[in-house]
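One-letter residues, chain by chain:
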Amino acid sequence: MKLTTVKTIAGYTLFALVVLGVFLYLRFPGTDMARIFSSSLSDLNPQANLLIGAVKPAFPPGLNLEKIVLRTGDRPAALFQADAMTVKPEYLSLLKGRKTLLVTAIGYGGTMKARLDSDRFLSLPEPVAARMEFDGIDIEKNGYLKERLDRQVTGKLKGTLNFSGSMRDVRGGSGVMEFTLINGSYPLRESLMGIDRLDFRRVDAQLNLKNGVLTVSRLKLAGDRISGSLSGDITLNRQDVKASPISLTGSFEMAGQGGQKISLSLGGTIGNPVVKFM
């Protein structure tokens, strides 16, 4: 076969593939795909309401989602939202017989990356083994967190999360979260030795979830006026997170006090904590 003939065939083939790609892109059933995602999530949690502004094909093969908003029940604040998200399979895992989704998202002024391993594919995973990395998240923009804590916490968040369990009952799963929160503040309900909010340069923490108990293995706060640490357990309430009993102990020191440490215990519930000095 002559070289010119080969080039002609290759040219027509490439042109046909381009035309096919454009056709599939223009005819892509984005509305139907958004409905499938919403329906899958509703199967996991009937109170969940997932809204997706647009779904488009991505290359390498995957999906680009825009304006994602996840709400639960009749709460006004979104549990999660992202400006854009890409979802695609990990192709090497497919060759090995595993089902893995790779997710990247932009939201809250930062970025999130996740790897989801599940028995179910092309649907919201149930159960799931997940690993997530997040960076530059402005938690002040998360209205759900403000609503649940009943206070406006600020700061930039980065860290990792590993979780294994059922999406129907996250509290019954197991996982580890390590994070750093920088340049923020945490308002106090009651004044602590003349301080009505904890302004910090940095908070480092490690949280472990197992059998419905969230263990604070490490939580260290460093600020200009106050520094300290806490550890202990939070028994998660399945109906209302604010009603979860807490049992934490730790110590803190105030600036200008010669490094003197003051011990304390933190009891009560997440919604109504009680501080006792020891």
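Attention in this report is confined to the structure presented alongside it.

Definitions and limits used
- Residues numbered from 1 in each chain as written.
- Predicted model: local features only at pLDDT ≥ 70, side-chain atom pairs only at ≥ 80, totals over all residues.
- Heavy atoms only, no water.
- Pairing = 2+ DSSP bridges.
- Helix = DSSP H or I, 4+ residues; strand = E, 2+ residues; numbered from the N terminus.
- Salt bridge = Lys/Arg side-chain N within 4 Å of Asp/Glu carboxyl O.
- Buried < 20%, exposed > 50% of the residue type's maximum accessible area, 1.4 Å probe, protein only.
- Polar contact = N/O pair within 3.5 Å; in protein donor to acceptor, adjacent residues only side chain to side chain.
- Contact = heavy atoms within 4.5 Å.
- Phe/Tyr/Trp six-rings, centres within 6.5 Å; stacked < 30°, edge-to-face > 60°.
- Lys, Arg positive; Asp, Glu negative; His and termini not counted.

Pairing between strand β5 (residues 110-118) and strand β6 (residues 128-138): eight bridges, direction antiparallel. Following the sheet pairing, Leu116 is matched in β6 by Ala130. The pairing of β6 with strand β7 (residues 154-165) spans nine bridges and is antiparallel. Paired with Met132 across the bridge in β7 is Leu161.

Attention now goes to the pattern of salt bridges. With the rule as written, the count across this model stands at nine salt bridges. With a closest N to O distance of 3.7 Å, Arg131 and Glu133 form a salt bridge. The class of Arg131 is partly exposed, set by a relative accessible area of 36%. The salt bridge involving Asp224 is made with Arg201; its shortest N-O contact spans 2.7 Å. Of this pair, Asp224 sits in the loop between β10 (213-222) and β11 (226-235) while Arg201 sits in strand β9 (residues 195-210), placing them 23 residues apart in sequence. Look at the salt bridges and you will find they share partners, linking Glu90, Arg115 and Asp117 into a network.

Positionally, Thr180 belongs in strand β8 (residues 174-192). Look at Thr180 and you get buried, because its relative accessible area is 12%. Here Asp204 takes part through its side chain, which lies 2.8 Å from a polar atom of the side chain of Thr180. In contact with Thr180, not counting residues within four places along its chain, are Lys156, Leu157, Lys158, Arg202, Val203 and Asp204.

Right, let's talk about the pairing of β5 for a bit. Of the two faces of β5, only one is covered, namely that formed by Gly110, Met112, Ala114, Leu116 and Ser118; the face formed by Thr111, Lys113, Arg115 and Asp117 stays uncovered. In this structure, the hairpin formed by strand β4 (residues 100-107) and β5 is closed by a connection of two residues, where Tyr108 is found at a positive phi of approximately 55°.

So, on to the packing of aromatic side chains. Enumeration over the complete set of coordinates arrives at two aromatic pairs. Here the aromatic rings of Phe80 and Tyr108 are separated by 6.4 Å at their centres, their planes lie at 70°, and the arrangement is edge-to-face. With Phe80 in strand β3 (residues 80-89) and Tyr108 in the loop between β4 and β5, the pair connects residues that are 28 residues apart, well separated along the chain. Phe80 gets classed as partly exposed once you look at its relative accessible area, which sits at 22%.

A separate point is the side chain of Arg151. Of note, Arg151 is situated in the loop between α4 (143-149) and β7. At 6.5 Å, Asp150 is the nearest oppositely charged side chain to Arg151, a buried residue that forms no salt bridge. For Arg151, the side chain forms a polar contact with the side chain of Tyr186, separated by 3.3 Å. The residues contacting Arg151, other than those within four sequence positions of it, are Lys146, Tyr186, Pro187, Leu188 and Arg189.

Right, let's talk about unusual backbone geometry for a bit. The phi dihedral of Asn183 falls on the positive side, at around 50°, and the residue is not glycine. By the secondary structure assignment, Asn183 is in strand β8. Positioned with a positive phi, Asn211 is a non-glycine residue whose angle comes to about 55°. With respect to the secondary-structure elements, Asn211 resides in the loop between β9 and β10.

Turning next to the environment of Gly155. Take Gly155: it is sitting in strand β7. Accessibility expressed as a relative area gives 6% for Gly155, which makes it buried.

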